[in-house]
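Each chain, written out:
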Amino acid sequence: MKLVVTVMLKNGVLDPQGKAIGHALTGLGFEGVGEVRVGKRIELELNAADDATALAQGEEMARKLLANTVIESFKVELA
Amino acid sequence: MRAAIVVFPGINRERDMAIALTLATGHAPRMVWHKDTTLDGIDLVVLPGGFSHGDYLRCGAMAAQSPIMPAIRAHAARGGLVMGVCNGFQILTEAGMLPGALLRNSGLRFLSQDCHLRVENAATDFTRHYQKGQVIRAPMAHGDGNYFADDETLDRLEGEGLVAFRYATTSGEITQAANLNGSQRSIAGILSPNLRVLGLMPHPEDLVDTLMGGTDGLPLFQALAAA
Amino acid sequence: MIEINQALAASFGLSAEEYANVLRIMGRTPTLTELGVFSVMWSEHCSYKSSRVWLKTLPTKAPWVIHGPGENAGVVDIGDGLAAVFKMESHNHPSFIEPYQGAATGVGGILRDVFTMGARPIANLNALRFGDPSLPRTKRIVDGVVRGIGGYGNCVGVPTVGGEVNFHPAYNGNPLVNAMTVGIARKDRIFLSAAAGIGNPVVYVGSKTGRDGIHGATMASTEFDASSEDKRPTVHVGDPFTEKLLIEACLELMATDAIVAIQDMGAAGLTSSSVEMAGKGGVGIELNLDHVPQRETHMTAYEMMLSESQERMLMVIRPDREAMARAIFDKWDLDFAIIGHITDTGRIVVTHNGVVEADIPLAPLADDAPLYNRPTTETPKRPPLGPVADPVGILAALQKLIGCPDLCSRAWITNQYDSTVGGQTVRRPGAADAAVVRLEGTNRALALTTDVTPRYVFADPEMGGRQAVAEAWRNLTAVGARPLAITDNMNFGNPQKPEIMGQFAAAIRGMSDACRVLDFPVVSGNVSLYNETEGRAILPTPAIGGLGVLDDAAKSMGIGLQPGLGLVLVGTLVGHLGQSLWLREITGREDGPPPPVDLAAERAVGDFIRAQIKAGAITACHDIADGGLLVAVAEMALAGACGAHLDRAPKGIDPHAFWFGEDQGCYVVAVLEPDAFFLEALVMDLPAIRIGQTGGGDLKLDGVGTISVETLRAEHDRFFPAWMETP
């Protein structure tokens, strides 16, 4: 099965990349652009007994390596 | 002083660090491969700069999971000296050995230029040969050196004297302009509560020779050699 | 199955005559893979078919040259048993398509050319040309190229210590990205590419093979249908992390006796590396593509032979060292696969899934490669410029020039390149006329520079070619180094146009003259042709990478002024304004002949300057180049944060011509004892005049006015941040 892990900077952590993209979009004439946040999407193939096991493993991977919980939050889903 | 430099795949300032350590201690440090698991007989462990694992995922994230890390933690727990410079600092924060994180520079560009650091705590084995408040010059070379921690952590670091260096002007003022990468409270280097683990972004090891533009970094290594 | 015929060959870039030769050599219709091999080996890039007749005329020998052109990079003896290995190479087209990856993979490719010879890379440089800065596209390309060079070079840990950046509308649709790498090896431990040893294993190491950059021509062929979107050739993507591991693994293996021959897989990947290694060794080679590490599924023999996936090397090793070699690559987590062996057949035989996909005799593939002596027409000589009045005054012109895109501070760019990693950078970008990098563990240092003035070459290709070499020699001299050799990167338009081929031939003539008189041979190089957009060619740009040596790194000279010194101009300055930046920036004209280069005078003045630096008589030295004498002095003032009081321009020469003329073979030096210095010059019968005195915080020009160094700095520093950091 396939897991999708989405990693985003936590609210309150400055995201200069998102800020720059927001500026650029406004500069290109897109109106009404509010806050822009940039994150990562990690897709991974996994052999697991069932969905629950896969999700639990994904959570552990995210906590241990895929996200830095000091600055990032994450969400693990089945694709 | 028996020093070891940990070689993670992709780091690239291990030679610079070895030159500085050799100059100060009189003998070459031991190079330790990241897959090794012991640090027997070592007084100082250095995690050098570079791009461990290509800085893919997050700077230092994968190196922080290396087989050598438990030995480094045990060394620190025994009160051993540990210094992480640039990527080494990022690895130490990713490993949870120092608080906070290093984010992308606020200007979103790699910064390679000399910066000035104000010594905030001169009562450590790393900084003993400087004066508190002294301004030293050091090259910086990083894309992700923007120090971040929550306010509580920052207050604690400041309250306990665990800020080692701040970005400053040549005359020692802390200004926004001198804080090139946008670090919280201009923090360039921090210490562990027992003052035995140091992480810093700039490269004192690249300023230990007048021929390369100065020796402002040398006292740090001389202090370590005497520790 | 697609039909192999002349039309397909034409779509692969082979002419009718070339395809007829293929048929003759093969004695049958070639397979698709064979046609692919011929087309890339006979491409301009691999065969130098249009340029070879001229390249052969370049001087390539000197007692200190160990390997000249023909190897992966040039090798020169730098003393103490050490050799410098260096080359410059272009990545122009990819950098236009995808600036970040184009520039990044350009750096990766040239690094491999150097470490494949057993050298540890110690410095990177570059030569960049971009279009009109007022175009949004130019900004996007500059941003991507600078990030790409930094992204790759910083990660592999090789300092980027120098380079040049210019702008001209002729590069609007065709930027130039030329990257240079310099490495150091023991001179008795140089690795070459000629394969040897019948039966020896052929080893593939590095990254896996994907469909990167495969031959655009096949896109149009019927082989791919709409359902095979994923098969489309993609932009090359660089992986500097893998490159760093590859450097360390290769150098570790090179410390043993395992390697017989080694070559990186650059353009045309597996094809050119295997063909060249076997061809040079006069042996045959058999490859079984089943064993090639692959990143994608269902790759064909054609795709694997032509893939340009990055960070790969091909080696021939001693069979009894296989286990040891494999262990080293395992340690660095890199692929290591035996994909064939050396034979005595003189043929390259490629099998895949049990089918022979190619079987080509190597000798005719190399010997019968096309060679064209294309027609040339001479560029007409420009008439003399005639008198030009000064419309703005000296200080206004200085202020404008010091802030213009071609002369303003490059700090915004160089601050994105790690220039200190390695801990050996003695002179960083902007601090001297050439970068200076010490050789670890010795007192010795290398001086490195890249130079060419394309507007001169365009106006007079022969004089411009001569000037490019002379300026590189001059910049090395100005830091006190002994110039040793050059690498050249010839960027030109379509060689099938006689006027372009004429530019090429004349530039080579000029370069040859300069190389000969200055004892400064060409040891490596690269040719990039067809740099045109919609029929309009770039300015002819023979970029020169120069290398010199300093026996004592502590004696290297910078440009920064200190107070209390005499300022002296050495060389003959008549105030040549033709093709000068003053003429372009102040009067809007690109006109007249470029400044002439008197090679004998160049040599005499340069040898004198070098001797005076060595003797300790000089404390700062800067050559006169773009912008002329006053810009040179201003740059020295900026670098040292120290002003100067300058005398009036001599009688008999217009002040603006004196201050802004771009006369060649001239240096400005700061000396402690001017009288003693003049005496030395007099003894050598060389022209030297006092032009002023250093000190204070202003540039004061007698009879003209005063401008503060900080005002100049504000002008100098403004352009790049203002241009690049505003949306």
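Along every chain, residues carry numbers that run from 1 in the direction the sequence is written. For naming, the first written chain is A and the first written ligand is 1, with later ones following in the order written. Residue-level local features of this predicted model are given only where pLDDT is at least 70; pairs of side-chain atoms are given and counted only at 80 or more, and the full residue set underlies all totals for whole chains, interfaces and linings. Note that water and hydrogens are dropped before the side-chain values are worked out from all heavy atoms of the structure.

### Description of the overall build of chain B
And step 1. A run of H or I in DSSP counts as a helix once it spans at least four residues, and a run of E counts as a strand once it spans at least two, with each numbered from the N terminus. Looking only at helices and strands, one finds 5 helices and 11 strands in chain B.
And step 2. A radius of gyration in this sense is built from C-alpha atoms; the matching globule rule multiplies 2.2 Å by the number of residues raised to 0.38. For 227 residues, the compact-globule estimate of 2.2 N^0.38 gives 17 Å, and the C-alpha radius of gyration of chain B, at 16 Å, lies within 12% of that figure.
And step 3. The principal-axis extent of the C-alpha atoms belonging to chain B is close to 45 × 35 × 30 Å.
And step 4. Relative accessibility under 20% of the residue-type maximum defines a buried residue, over 50% an exposed one, and the middle range a partly exposed one, all with a 1.4 Å probe and only protein chains included. Out of the 227 residues in chain B, the part that is buried amounts to 65%.
And step 5. Contacts in chain B between residues far apart in sequence, at least 24 positions, make up 75% of those at least 6 positions apart.
And step 6. For the charge count, each Lys or Arg is scored as positive and each Asp or Glu as negative, with His and the chain ends excluded. We put the charge of a Lys on NZ, of an Arg on CZ, of an Asp on CG and of a Glu on CD. Charged side chains of chain B number 18 positive and 22 negative; the gap between the two group centres comes to 3 Å. Two residues qualify as a contact provided that any one of their heavy atoms is within 4.5 Å of a heavy atom in the partner residue.

### Observations regarding the nonpolar core
And step 1. Here, the term nonpolar core denotes a set of buried Ala, Val, Leu, Ile, Met, Phe, Trp, Tyr and Cys residues that are joined through side-chain atoms within 4.5 Å. With 96 residues, the main nonpolar core has B:Ile72, B:Met83, B:Phe165, C:Met315 and C:Phe329 as its most contacted residues.
And step 2. The greatest single-element share of this core, amounting to 9 residues, is contributed by helix α9 (residues 240-254) of chain C.
And step 3. The contact partners of B:Met83, leaving out residues within four places of it in the chain, are B:Met17, B:Leu44, B:Val45, B:Val46, B:Leu47, B:Leu92, B:Phe126, B:Leu198, B:Leu200, B:Leu220, B:Phe221 and B:Leu224.
And step 4. Membership of the second largest hydrophobic core comes to 84 residues, among which are C:Ala62, C:Met463, C:Phe504 and C:Ala681.

### Points about the pairing of strand β18 (residues 522-528) of chain C
Residues and elements named next belong to chain C.
And step 1. Most of β18 sits out of view: 7 of its 7 residues are buried.
And step 2. Strands are treated as partners if at least two bridges between them are detected by DSSP. Alignment of strand β17 (residues 482-491) against β18, held across 6 bridges, turns out to be parallel. Bridging across to β18, Thr487 finds its partner in Ser524.
And step 3. With the strands pointing away from the viewer, any crossover whose connection runs clockwise from the first strand over the helix to the second is right-handed. The handedness of the β17 to β18 crossover, carried by helix α18 (residues 498-517), is right-handed.

### A closer look at the confidence of the model for chain B
And step 1. In predicted models, pLDDT denotes the confidence assigned by the predictor to each residue on a 0 to 100 scale. Mean pLDDT over chain B: 97, with 100% of residues reaching 70 or higher.
And step 2. For this predicted complex, the interface score ipTM comes out at 0.96, while the overall pTM is 0.95.

### So, the pairing of strand β1 (residues 3-7) of chain B
All names here are of chain B.
And step 1. The buried fraction of β1 amounts to 5 of the 5 residues, a majority that puts the element mostly inside the structure.
And step 2. Residues Ala3, Ile5 and Val7 line one face of β1 and the alternating positions Ala4 and Val6 line the opposite face, and both faces are buried.
And step 3. In this sheet, strand β3 (residues 44-47) lies alongside β1 in parallel orientation, the contact comprising 3 bridges. Following the sheet pairing, Ile5 is matched in β3 by Val46.
And step 4. Across 4 bridges, β1 lies against strand β2 (residues 30-33) in parallel orientation. Directly across from Ala4, in β2, lies its bridge partner Arg30.

### Considering the packing of α18(C) against helix α20 (residues 599-614) of chain C
Residues and elements named next belong to chain C.
And step 1. For the pair α18 and α20, interaxial distance at closest approach is 10 Å and the crossing angle is 40°. By the angle between their directions, the pair α18 and α20 is classed as oblique. In terms of crossing hand, the pair formed by α18 and α20 is right-handed. When α18 is examined against α20, the residues Asp513, Ala514 and Val517 are found in contact with a partner set consisting of Leu599, Ala600 and Arg603. Axes here refer to lines fitted to C-alpha atoms; in helices the fit is confined to the stretch in contact. Angles between the N-to-C directions go from 0 to 180 degrees. By definition in this entry, angles of less than 35 degrees are roughly parallel, angles greater than 145 are roughly antiparallel, angles of 65 to 115 are roughly perpendicular, and the rest are oblique. A clockwise turn of the near helix away from the far one marks a right-handed crossing, whereas an anticlockwise turn of less than a right angle marks a left-handed crossing.

### Side note on the sheet that holds strand β12 (residues 347-352) of chain C
Residue and element names in this part refer to chain C.
And step 1. Sheet architecture is open: 7 strands sit in the order β8-β10-β7-β11-β9-β12-β13, paired in mixed fashion. What marks the edges here is a single partner per strand, and that holds for β8 (259-264) and β13 (355-361). Averaged over all pairs of adjacent strands, the angle between strand axes in this sheet comes to 20°, irrespective of strand direction.
And step 2. As judged from the 6 bridges shared by β12 and β13, these two strands associate in the antiparallel manner. Across the sheet, the residue bridging to Ile348 is Ile360, located in β13.

### Re the sheet that holds strand β26 (residues 688-694) of chain C
In any sheet, the strands associate via hydrogen bonds between backbone groups, in a parallel or an antiparallel arrangement.
Residues and elements named next belong to chain C.
And step 1. Taken together, 7 strands build an open sheet; the order of strands is β23-β25-β22-β26-β24-β27-β28 and the sheet is mixed. In this open sheet, the two edge strands, each paired with only one partner strand, are β23 (618-623) and β28 (705-708). Between one strand axis and the next, the sheet turns by 25° as a mean value, whatever way the strands run.

### Here's the deal with the interface of chain B and chain A
And step 1. In this assembly, 14 residues from chain B lie in contact with 16 residues from chain A.
And step 2. Any Lys or Arg side-chain nitrogen located within 4 Å of an Asp or Glu carboxyl oxygen qualifies as a salt bridge. Counting the contacts that link chain B with chain A gives 1 salt bridge.
And step 3. Of the charged contacts in the structure, one is a salt bridge between B:Arg58 and A:Glu72, with a shortest N-O distance of 3.4 Å.
And step 4. Definition of a polar contact: a pair of N or O atoms within 3.5 Å, with one able to donate and the other able to accept a hydrogen when the atoms are protein atoms, and with sequence-neighbouring residues admitted only if both atoms are side-chain atoms. Put simply, chain B and chain A have 6 residue pairs in polar contact (both at pLDDT 80 or more) between them.
And step 5. Here the nonpolar group is Ala, Val, Leu, Ile, Met, Phe, Trp, Tyr, Cys and Pro; Asp, Glu, Lys and Arg are the charged ones; every other residue, Gly included, is treated as polar. Partitioned by chemical class, the residues of the side of chain B that touches chain A number 7 nonpolar, 4 polar and 3 charged.

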